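Each chain, letter by letter, is given below.
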Amino acid sequence: MLDPDDQVALEASVRASVLQVSDVQAFDVTVEAVSGICARVRVADTAGALTPLMGFASKQSGEWCVLSLGTGFETAFYHQHGIPAALQLG
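Fair warning: this is a prediction, and the values are worked out from it, not measured in the lab.

### Some points on the overall build of the chain
Counting secondary structure elements, the chain contains two helices and four strands. Over its C-alpha atoms the chain spans a radius of gyration of 13 Å, differing by no more than 12% from the 12 Å that the globule rule assigns to 90 residues. Along the first, second and third principal axes, the C-alpha set of the chain runs to 30 × 30 × 20 Å. Evaluated residue by residue, the chain yields a buried proportion of 33% over its 90 residues. Taken as two groups, the 4 positive and 10 negative side-chain charges of the chain have centres that lie 4 Å from each other.

### Some remarks on the nonpolar core
Core analysis: the biggest nonpolar cluster contains 12 residues, these being Leu 2, Leu 10, Val 14, Val 18, Phe 27, Val 29, Val 31, Ala 39, Val 41, Val 43, Ala 57 and Trp 64. When residues no more than four places from it in sequence are discounted, the contact partners of Val 14 are Val 29, Val 41, Val 43 and Val 66.

### Some words on the pattern of salt bridges
Within this structure, the stated rule accounts for two salt bridges. Across the pair Asp 6 and Lys 59 runs a salt bridge whose closest N-O atoms are separated by 2.7 Å. One end of the pair, Asp 6, is in helix H1 (residues 4–21); the other, Lys 59, is in strand E3 (residues 53–60), and 53 residues separate them in sequence. Between Arg 40 and Glu 32 there is a salt bridge, with the nearest N and O atoms lying 2.9 Å from each other. Relative accessible area serves as the criterion here: at 13%, Arg 40 is assigned to the buried category.

### Observations concerning the environment of Glu 74
Within the secondary structure, Glu 74 sits in the loop between strand E4 (63–70) and helix H2 (75–81). For the pair Glu 74 and Leu 89, spaced 15 residues apart in sequence, the C-alpha to C-alpha distance is 9.7 Å.

### What about unusual backbone geometry?
For Ser 61, which is not glycine, the phi dihedral falls at a positive 55°. Relative to the helices and strands, Ser 61 resides in the loop between E3 and E4. In this structure Ser 61 comes out as exposed when scored by relative accessible area, which is 81%.

### Section: the packing of aromatic side chains
According to the stated counting rule, one finds six aromatic pairs in the structure shown. Between Phe 56 and Phe 73, the ring centres sit 5.0 Å apart and the planes meet at 85°, which makes this aromatic pair edge-to-face. Placement of Phe 56 in strand E3 and of Phe 73 in the loop between E4 and H2 is noted, with a sequence separation of 17 residues between them. Each member of the pair Phe 56 and Phe 73 is classed as buried. Through a chain of ring-to-ring contacts, three or more aromatic side chains come together here, namely Phe 56, Phe 73, Phe 77 and Tyr 78.

Scoring rules and cut-offs
- Residues numbered from 1 in each chain as written.
- Predicted model: local features only at pLDDT ≥ 70, side-chain atom pairs only at ≥ 80, totals over all residues.
- Heavy atoms only, no water.
- Helix = DSSP H or I, 4+ residues; strand = E, 2+ residues; numbered from the N terminus.
- Rg over C-alpha atoms; globule rule 2.2 N^0.38 Å.
- Buried < 20%, exposed > 50% of the residue type's maximum accessible area, 1.4 Å probe, protein only.
- Lys, Arg positive; Asp, Glu negative; His and termini not counted.
- Charge placed at Lys NZ, Arg CZ, Asp CG, Glu CD.
- Core = buried A, V, L, I, M, F, W, Y, C linked by side-chain atoms within 4.5 Å.
- Contact = heavy atoms within 4.5 Å.
- Salt bridge = Lys/Arg side-chain N within 4 Å of Asp/Glu carboxyl O.
- Phe/Tyr/Trp six-rings, centres within 6.5 Å; stacked < 30°, edge-to-face > 60°.

Structure, rendered in structure tokens:
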């Protein structure tokens with residue numbers, strides 16, 4: 001579980017990443033799970049019209065950095081970024 005400040009920082013990082021690549025302005029960010037310095041997030045548009053995105057972030061030098069957002073991830077991605085098995089999508 002994240003402390004409230006970390007939660008806000010992680011959600012803000014994810015929001016900034018989404019806004020860089022999408023015109024969707026109304027969306028929700030959910031932190032689904034955290035393990036060590038890695039987190040799995042879910043991003044869904046408020047209207048529910050789009051397929052939700054899953055994503056992973058890592059805390060680097062005290063800041064949350066989004067590693068990737070998408071609908072699926074290759075095994076190589078998990079290995080490259082050290083994503084714990086508990087966070088990986090089945």
